[in-house]
Amino acid sequence: QVQLVETGGGLVQPGGSLRLSCATSGFTFDLYDMNWYRQTPGKEREQERELVAEISSGGSRTKYADSVKGRFAISRDNAKNTLYLQMNHLKPEDTAVYYCKAVNRVGLDYWGQGTQVTVSS
């Protein structure tokens, strides 16, 4: 059974930091590229989720949305089948539900259930 479980969300003040984790099981983690997406209120469709960061299956290549470049860092530990997102200098506009997604070379994908991040004073 495939599982992706995001943890680490919560309430943080502007300028603060959070580290999200996505623990996975049920598929061969190191054969999948991994992504972090986020979804804000009013954008309820899956297609409206914003791609925040990507990392290749081996971890050598990363890519970020312009809105988070220089503040967020994506990483993975293939020995632990876990994906991470370090978020620094958080802004109110980073408030969203954050999802991890696994995708392989033929387009098969899996999603987690999401974790809420709220940036507010």
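Structure: see above.
The following refers to the structure shown.

Examining the packing of aromatic side chains
The tally for this structure, following the rule as stated, stands at six aromatic pairs. Aromatic pair F27 and F29: ring centres 6.4 Å apart, planes at 55 degrees, arrangement tilted. The pair formed by F27 and F29 is uniform in burial state, with each residue classed as buried. With a centroid separation of 5.9 Å and an interplanar angle of 35 degrees, the aromatic rings of Y32 and Y110 are classed as tilted.

Considerations on the sheet that holds strand β3 (residues 18–25)
The strand order across the open sheet built from four strands is β1-β3-β8-β7, with neighbouring strands paired in antiparallel fashion. What marks the edges here is a single partner per strand, and that holds for β1 (3–7) and β7 (72–77). Pairwise comparison of adjacent strand axes, ignoring direction, gives a mean angle of 15 degrees for this sheet. As judged from the five bridges shared by β1 and β3, these two strands associate in the antiparallel manner. Note on β3: the bridge partner recorded for T7 is S21.

Some thoughts on the state of the cysteines
Scanning all chains against the criterion turns up one disulfide. Each disulfide pairs two cysteine sulfurs, and for C22 the partner residue is C100, the sulfurs being separated by 2.1 Å. The chirality of the disulfide connecting C22 with C100 is right-handed, given an S-S dihedral of about 55 degrees. With C22 in strand β3 and C100 in strand β9 (residues 96–103), this residue pair connects regions lying 78 residues apart in the sequence.

Brief notes about the pattern of salt bridges
Pairing is possible between side chains of opposite charge, provided their charged atoms come close. In the structure shown here, the tally under the stated rule is five salt bridges. Here R38 and E50 are joined by a salt bridge, their closest N and O atoms 2.7 Å apart. Here the residue R38 occupies a position in strand β4 (residues 33–39), and E50 occupies one in strand β5 (residues 50–55), the gap between them amounting to 12 residues. When its relative accessible area of 5% is taken as the criterion, R38 is described as buried. Here E50 falls in the partly exposed class, since its relative accessible area comes to 30%. Residues joined by salt bridges that share partners form a network here, namely R38, E50, R71 and D94.

Considering the environment of Q116
Following the sequence through the fold, Q116 ends up in strand β11 (residues 115–119). What makes Q116 partly exposed here is its relative accessible area of 39%. Measuring from C-alpha to C-alpha, the distance between Q116 and S60 comes to 28 Å, with 56 residues separating the pair along the chain. Setting aside residues no more than four positions away along its own chain, Q116 makes contact with G9, G10, T95, A96 and V97. From its side chain, Q116 meets the backbone oxygen of A96 in a polar contact 3.4 Å long. Among the polar contacts made by the side chain of Q116, one reaches the side chain of T118 at a distance of 3.3 Å.

The rules behind these values
Residues numbered from 1 in each chain as written. Predicted model: local features only at pLDDT ≥ 70, side-chain atom pairs only at ≥ 80, totals over all residues. Heavy atoms only, no water. Phe/Tyr/Trp six-rings, centres within 6.5 Å; stacked < 30°, edge-to-face > 60°. Buried < 20%, exposed > 50% of the residue type's maximum accessible area, 1.4 Å probe, protein only. Pairing = 2+ DSSP bridges. Helix = DSSP H or I, 4+ residues; strand = E, 2+ residues; numbered from the N terminus. Axes fitted to C-alpha atoms, helices over the stretch in contact; angles between N-to-C directions. Disulfide = S-S within 2.5 Å. Salt bridge = Lys/Arg side-chain N within 4 Å of Asp/Glu carboxyl O. Contact = heavy atoms within 4.5 Å. Polar contact = N/O pair within 3.5 Å; in protein donor to acceptor, adjacent residues only side chain to side chain.

This is a description of form; function is not addressed.
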